[in-house]
Amino acid sequence: MRGFNAFSFMVLAPLLFCAGEAADNVNQRESVSSRPRVAVVLSGGGARGGAHIGVLRELESAGIPIDLIVGTSYGALIGGLYATGYSTEDLELIIRSIDWNEILSNAPRRKLLNFNNKARDNRKLLDFQLKNFSIKLPIGLQAGQKVQQLLDRLSAQIVLEAGNDFDKLPIPFRAVATDILTGKAHVFGSGSLSTAMRASAAFPGLFTPVDFGDTLLVDGGIADNLPVDIARGYGADFVIAVDVATPLKTHKEEIESLIDVLNQVVTFQIEEDRHSKRRAADFVITPQLEGVSPTNFGRSPELIESGIEAARKAVPEIQKLLQNRGITNRSLRRASLLDPARFDLNHYEFSKKGVVIDEVKLEGLQNYPAAYVLERISSPSSNPVSLESLDKDVATLYGEGVFTSVSYRLEKHDQQTILTYKLQENPSVKAGLGIRYDRDYKFTVLVDLLGRNFRSSGSDFFFRGLFGDANRLELGLNRDHLFTKNFAFSPQIYYHSQERLIFADRTRAGDYSDERAGFNASLQYLLANAGRLEMAYGVERVAIDRWVVSFSQSSAKTLGRLTTALEFDTLEDFEFPHFGSLGRAEFTWNDESLGSSFSFRRAQAVADHYVSLGLENTLGFSAALGRTRGNPPFYELFYTGGAHNLSFSSARFLGLSRDEIASTDFATAGLSFRRTLKHFKAGTITDVYVGLHYNAGVFDRSDGQGKFGSPVHGFGMGFYVDSRGIGPIRIELGRANRRDLTVYFSLGHFF
C-alpha cells in the first residue's frame, strides 16, 4: 500500500473484533445478471485509510450499488470487514476504541505464558537470530501474532459458512498482496480471509511476510496500490476508486524516522503506476487529507468525515454516470451489528456459534513432535467447538514461547470440517539485547541467548548476562517434559558479582565486593502457567574483597545448600500491573554435610497483590518475612532498602538507601496507590502514572551487632512514564523516619 507502516495493519485488526456475528447480517444481494457490475476499489494509505469508512457510508446512503470490493493493504482490511457484513457505524465504533499500542504488541497475555518464560517477558530492546555463528536480522520487526489471532477469530466462521469462497460473502471481495519472489500481485478470492488481509498489509521490514505455498507474500501496495485493473479482471463494468495514498515527501526535514524512510522507498516504487490506475477508473474519489501522516492512527477516526465530504461531492456525478449505464440506485441501509452503549473492545463477547471439528491437521512442525501441540489444544469431539476455545488454544501455543506465529483455518472437505493449525517455529538460536539505567548501578546491559531443542526436543540451552556495575553470567539447560509435561529439570553454572554497601548509624561506612561462582540443579513441577514448585541443590564459591572489619572474610568460602521453593505469578503486566499476584516462598538449608563452610537455615516469603479500582486506579499490597537460624556469613543476611532496581538487589523500601539495612530476621508490609493520568492509544508513550507508597518494617540483627527497637516507616511518591521499546521511566521521592529525602530514578525494563 501507499505509505503503509508498522501500525497500518494493526489499525484494522481491532476492526475485526466483532466479526463473530457478521454471518447473521448477510445482505440480500441484487442479481446483477441484467445490469453492469459496480466495483469499489480501496487503496492503501496507513492511518489515512480511515477515510474509506466515510466514503463507503456516503455511497451506501446514496444508494450506490456495490457488487465487488477490491482492496489493498489498509483498503483490504476495511473492505474485507465491510464485505463480511459490518456497517460503517460498526467500523467507526471499533476504530475509535482501538488501542494501537496494545494491538502493535506481539507479547502474549502473561497469564498464558509458560511460567518459565515469564522472567524473559518483553524486556529486550532488540531481538536477533544466530545461524552458523553469525547474526541474522529478522525478516520483519513484527510477526503480527496478536493481529493474526484477532483475524482468525473474527473471520474464520463466516468464511467457513461461505465455503471459503469470497464470492459468497455478502459482497464479493478480493484482497491484493505482493509475491516477494516475482514482484507480481497475488489476488485472494478464496481460502482464509484472515490470511488474505494479513498478507495484503504485511509491509516489508516491519511485518514478517506471510508464508503462502512456495512463496512469501508482502504488502499489496508494492505491486498494485490502486487495483483498478484487478477489479476489471473480475468483471467490473464501472469502477469507483478511492485513493488515500500519501504523496511523496519533497523536503528532507520530513524524513525523521525509519518508518518515514521505508514509506518513501515504497512510495517511489508505486508512484508511476498510481497515475495509470487512476486513469483506468471510471471515477476517482480523493479525500482531502493534507498534513495527515500514514502513521498517525490517533487521527484515523476523524478522517471518516473527510471521506464523507469527498464522497458527497462525488455522488451526483457518479449517479449520473451510472444512470447512463442503466444502473439505478438501491435503497438498502445496513443494520449495525454492535450496540454502542454496550460495546467494549477489550471485552468483546465471542459469537456463541460453534463448529464441530472432524479432523485436526498441523502444518509447519519441524523440530517438535505432533504430540507437543495436540496435548495443548482441545481434542476434536462431536460437540461444537467455539471460536473462543480455538483462540485460547492458539494463545496457549504461542505462550509456550517455541513458535514465532500460530494461526488456524477452518475448511470444508467432503462434508467434514477440517481444522488446520499453521505453526512457524522460532529459530534454533535467538539473541536479545537490552539496556537500562538507574542511580544505583548506572548502565546495565542485558545479553540473552536461547537455543531451542539442544540435542533433543524439549531441551533448551540458555545464556543470560548482565554487564555493568553488577555482573551476572548464567549458562544452563532447561529440560521440559522430564516425566510429564509438568516436570522440568534445569542445571546451570553461573558467576555473580556486585558491590554491597555498608551502613553504620544511618551513614554509609564503606562497601565490599561480593563475587560468586557456582553450580545449581533444580527439579521443577509447573502449576499450569501460574506457578512452580522447585527443589534444588547448589554449591558456590564466595570471595569477598574491599571489606571492613565487621564485614570481612580473608579467604574464599563455600556455600552448599538445598532449596525448596514455591513461586506464583498471575500479574497481567509486570512493570505496571493492574491486577494479579506475584510471590515466592523458599526454605534453604546450608550445612557442612552439603559441602558448605557454614551451617544455617533460612526461610523467606515475599508476596505482592494488586487490585484494580476502576479503569484508572490500582491498589497494591505487599508483604515480606524472613527468618534465619544458625550462623550465616554477613553476605547471606537479608538486605533491605532502595528502589529494588535489579532482581538481585536489596528489597524495595522507599525512604532508605540501597542495602541500608542488613538483618537476620525481618518483617515488612507495604501499601501503594497508582493512578493513570493518561493512556495513549498510539505513539511511543503508552501510559503516564502517579503513585503513592507506604512501607513499614521491623528488622533484627540477632547476632547482637545491631537491633532496631522500633519499626521503620517509609513514605514515597512517584511519577512514571511507560513507553514502547525503551521501557518505563521512573522518578520517585522517598523519606523514612531514619533519614532525609531520597531521590530514585531509572530508565528501562527491570532485569
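Since we're looking at a predicted model, the values are computed, not measured.

## A closer look at the overall build of the chain
Next, step 1: Along its length, the chain carries 13 helices and 36 strands.
Next, step 2: Out of the 751 residues in the chain, the part that is buried amounts to 55%.
Next, step 3: For the chain, the share of sequence-separated contacts (at least 6 apart) that also reach a separation of at least 24 residues comes to 67%.
Next, step 4: Counting every atom, the chain has about 32100 Å² of accessible surface; 54% of that belongs to carbon and sulfur.

## Focus on the pattern of salt bridges
Next, step 1: Overall, the coordinates contain 36 salt bridges when judged by the stated rule.
Next, step 2: Notably, a salt bridge pairs arginine 652 with glutamate 732, separated by 2.7 Å at the nearest N-O pair. With arginine 652 in the loop between β29 (638-640) and β30 (661-663) and glutamate 732 in strand β35 (residues 729-736), the pair connects residues that are 80 residues apart, well separated along the chain.
Next, step 3: Connected via shared salt-bridge partners are Asp514, Arg516, Glu540, Arg561 and Glu636.

## Description of the nonpolar core
One recurring pattern in soluble globular proteins: nonpolar side chains tend to sit buried together.
Next, step 1: Counting residues in hydrophobic clusters, the biggest one holds 71 residues, and the most contacted among them are Phe173, Ile285 and Ile318.
Next, step 2: Sorting elements by how many residues they give to this core places helix α11 (residues 303-324) first, with nine residues.
Next, step 3: Listed in part, the 22 residues of the second largest apolar core include Val355, Val385, Phe403 and Leu410.

## So, the packing of helix α2 (residues 50-61) against helix α4 (residues 88-97)
Next, step 1: Where α2 contacts α4, the axes come no closer than 9 Å and their chain directions differ by 160°. As far as their axial angle goes, α4 and α2 are roughly antiparallel. In the crossing of α2 with α4, the sense of the turn from one axis to the other is left-handed. On α4, the residues that touch Ile53, Leu56 and Arg57 of α2 are Thr88, Glu89, Leu91, Glu92 and Ile95.
Next, step 2: Taken together, the residues of the contact of α2 with α4 sort by class into four nonpolar, one polar and three charged.

## Some words on α2
Next, step 1: With 12 residues, α2 extends 18 Å from end C-alpha to end C-alpha; this agrees with the ideal 16 Å at 1.5 Å per step.
Next, step 2: By the criterion of burial, α2 is predominantly enclosed, with 11 of the 12 residues buried.
Next, step 3: Along its buried surface, α2 packs onto β1 (38-42), α3 (74-84), α4, β11 (238-242), β12 (283-285) and α11.
Next, step 4: Positive phi appears at glycine 63, one or two residues downstream of α2, with a value of about 80°.

## Re unusual backbone geometry
Next, step 1: Even without a glycine there, the phi angle at lysine 442 is positive, about 60°.
Next, step 2: Within the fold, lysine 442 resides in strand β19 (residues 442-451).
Next, step 3: Classification of lysine 442 by relative accessible area gives partly exposed; the value is 38%.

## Re the packing of aromatic side chains
Next, step 1: This model, assessed by the stated rule, comprises 17 aromatic pairs.
Next, step 2: Considering the side-chain rings of tyrosine 368 and phenylalanine 403, the 6.2 Å spacing of their centres and the 55° angle between planes classify their relative orientation as tilted. Of the two residues, tyrosine 368 is situated in the loop between β14 (359-363) and α12 (370-374) and phenylalanine 403 in strand β16 (residues 403-413); the sequence distance between them amounts to 35 residues. Each member of the pair tyrosine 368 and phenylalanine 403 is classed as buried.
Next, step 3: Look at tyrosine 512 and phenylalanine 634: their rings are 5.0 Å apart centre to centre, the planes differ by 90°, and that puts the pair in the edge-to-face class. One end of the pair, tyrosine 512, is in strand β23 (residues 507-527); the other, phenylalanine 634, is in the loop between β28 (617-630) and β29, and 122 residues separate them in sequence. For the pair formed by tyrosine 512 and phenylalanine 634, the shared burial category is buried.
Next, step 4: If you follow arginine 334 out to its NZ or CZ, it ends over the ring of tyrosine 82, 3.9 Å from the centre.
Next, step 5: Between the NZ or CZ atom of arginine 376 and the centre of the ring of tyrosine 372, over which it lies, the distance is 3.9 Å.

## Observations regarding α11
Next, step 1: Taking 1.5 Å per residue as the helical rise, α11 with its 22 residues ought to reach 32 Å, and the 31 Å between its terminal C-alpha atoms agrees with that figure.
Next, step 2: The largest bend in α11 comes to about 40°, at valine 315, with the proline proline 316 one to four residues further on.
Next, step 3: Among all positions in α11, only Leu303, Ile304, Ser306, Gly307, Ile308, Ala310, Ala311, Ala314, Val315, Ile318, Gln319 and Leu322 are buried.
Next, step 4: Looking at the buried positions of α11, the neighbouring elements they touch are β1, α2, α4, β11 and β12.
Next, step 5: Directly beyond the C-terminal end of α11, a positive phi value near 80° is found at glycine 326.

## Some details on the confidence of the model for the chain
Next, step 1: Put simply, the chain has an average pLDDT of 85, and 86% of its residues get 70 or more.
Next, step 2: For residues 1-31, every residue scores under 50 in pLDDT, and the model assigns this stretch 148 contacts once sequence neighbours within four places are set aside.
Next, step 3: This stretch, residues 702-706, has a pLDDT under 50; its non-local contacts, to residues over four places away or in other chains, come to five contacts.

## Focus: the environment of methionine 535
Next, step 1: Note that methionine 535 resides in strand β24 (residues 531-545).
Next, step 2: A relative accessible area of 56% means that methionine 535 is categorised as exposed.
Next, step 3: Apart from the residues lying within four places of it in its own chain, the contact partners of methionine 535 are Ala521, Ser522, Leu523, Thr563 and Thr564.

## Looking at the pairing of strand β7 (residues 185-188)
A regular strand places its side chains on the two faces of the sheet in alternate fashion.
Next, step 1: Judged from the four bridges that link them, strand β6 (residues 173-179) and β7 form a sheet pairing that is antiparallel. Bridge assignment links valine 176 to a residue of β7, and that residue is valine 187.
Next, step 2: Between the end of β6 and the start of β7, which pair antiparallel, lie five residues, with glycine 183 showing a positive phi angle near 80°.

## Focus on the sheet that holds β16
Hydrogen bonds between backbone groups are what pair the strands of a sheet, and the pairing can be parallel or antiparallel.
Next, step 1: Sheet architecture is open: three strands sit in the order β14-β17-β16, paired in mixed fashion. The open sheet terminates on both sides in strands that have one partner only, identified here as β14 and β16. Taken over all neighbouring pairs, the strand axes of this sheet differ in orientation by 20° on average, direction set aside.
Next, step 2: Note that β14 and strand β17 (residues 416-425) share five bridges and pair parallel. Bridge pairing links valine 360 to leucine 419 in β17.
Next, step 3: Taken strand by strand, helix α13 (residues 387-399) contacts β16 and β17, and its axis lies near 150° from that of β16.

## With respect to the side chain of glutamate 60
Next, step 1: Positionally, glutamate 60 belongs in helix α2.
Next, step 2: In contact with glutamate 60, not counting residues within four places along its chain, are Tyr82, Leu332, Arg333 and Arg334.

## Section: the side chain of arginine 198
Next, step 1: Within the secondary structure layout, arginine 198 lies in helix α7 (residues 193-200).
Next, step 2: From its side chain, arginine 198 meets the backbone oxygen of threonine 208 in a polar contact 3.1 Å long.

## Considerations on the environment of alanine 521
Next, step 1: Mapped onto the secondary structure, alanine 521 falls in strand β23.
Next, step 2: A residue is classified by how much of its surface remains accessible, and alanine 521, at 17% relative accessible area, is buried.
Next, step 3: C-alpha of alanine 521 to C-alpha of glycine 476: the two residues are 45 residues apart in sequence and 9.2 Å apart in space.
Next, step 4: Contacts of alanine 521, omitting those with residues within four sequence positions, involve Phe489, Ser490, Pro491, Met535, Ala536 and Tyr537.

## Description of a nonpolar patch on the surface
Next, step 1: Nonpolar side chains collect at one region of the surface, where Val611, Leu613, Phe621, Leu671, Phe673, Leu692, Met717, Leu733, Leu741 and Val743 lie side by side and expose about 840 Å² of accessible area between them.
Next, step 2: Mapped by element, the contributors of at least two residues to the nonpolar patch are β27 (600-613) and β31 (665-679).
Next, step 3: Looking at the element boundaries, leucine 671 is found in strand β31.
Next, step 4: Overall, leucine 671 belongs to the partly exposed group, its relative accessible area being 42%.

## Some words on the packing of helix α6 (residues 145-161) against α7
Next, step 1: Close contact between α6 and α7 brings their axes to 7 Å; oriented N to C, the two are set at 140°. Overall, the two elements α6 and α7 adopt an arrangement that is oblique. Between α6, through Gln148, Leu151, Asp152, Ser155 and Val159, and α7, the contact on the second element is made entirely by Leu193, Ser194, Thr195, Met197 and Arg198.
Next, step 2: In terms of residue class, the contact of α6 with α7 is built from four nonpolar, four polar and two charged.

Conventions used here
- Residues numbered from 1 in each chain as written.
- Predicted model: local features only at pLDDT ≥ 70, side-chain atom pairs only at ≥ 80, totals over all residues.
- Heavy atoms only, no water.
- Helix = DSSP H or I, 4+ residues; strand = E, 2+ residues; numbered from the N terminus.
- Buried < 20%, exposed > 50% of the residue type's maximum accessible area, 1.4 Å probe, protein only.
- Contact = heavy atoms within 4.5 Å.
- Areas by Shrake-Rupley, 256 points an atom, 1.4 Å probe, with all protein chains shown as cover.
- Salt bridge = Lys/Arg side-chain N within 4 Å of Asp/Glu carboxyl O.
- Core = buried A, V, L, I, M, F, W, Y, C linked by side-chain atoms within 4.5 Å.
- Axes fitted to C-alpha atoms, helices over the stretch in contact; angles between N-to-C directions.
- Parallel < 35°, antiparallel > 145°, perpendicular 65-115°, else oblique.
- Left-handed = near helix turned anticlockwise from the far one by under 90°.
- Nonpolar A, V, L, I, M, F, W, Y, C, P; charged D, E, K, R; others polar.
- Expected span 1.5 Å × (residues − 1).
- Phe/Tyr/Trp six-rings, centres within 6.5 Å; stacked < 30°, edge-to-face > 60°.
- Lys NZ or Arg CZ within 6 Å of the ring centre and 35° of its normal.
- Bend = angle between axes of the 7 residues up to and from the residue.
- pLDDT = per-residue confidence, 0-100.
- Pairing = 2+ DSSP bridges.
- Polar contact = N/O pair within 3.5 Å; in protein donor to acceptor, adjacent residues only side chain to side chain.
- Patch = residues over 30% accessible without salt bridge, like charges linked within 9 Å, V, L, I, M, F, W, Y side chains within 5 Å.

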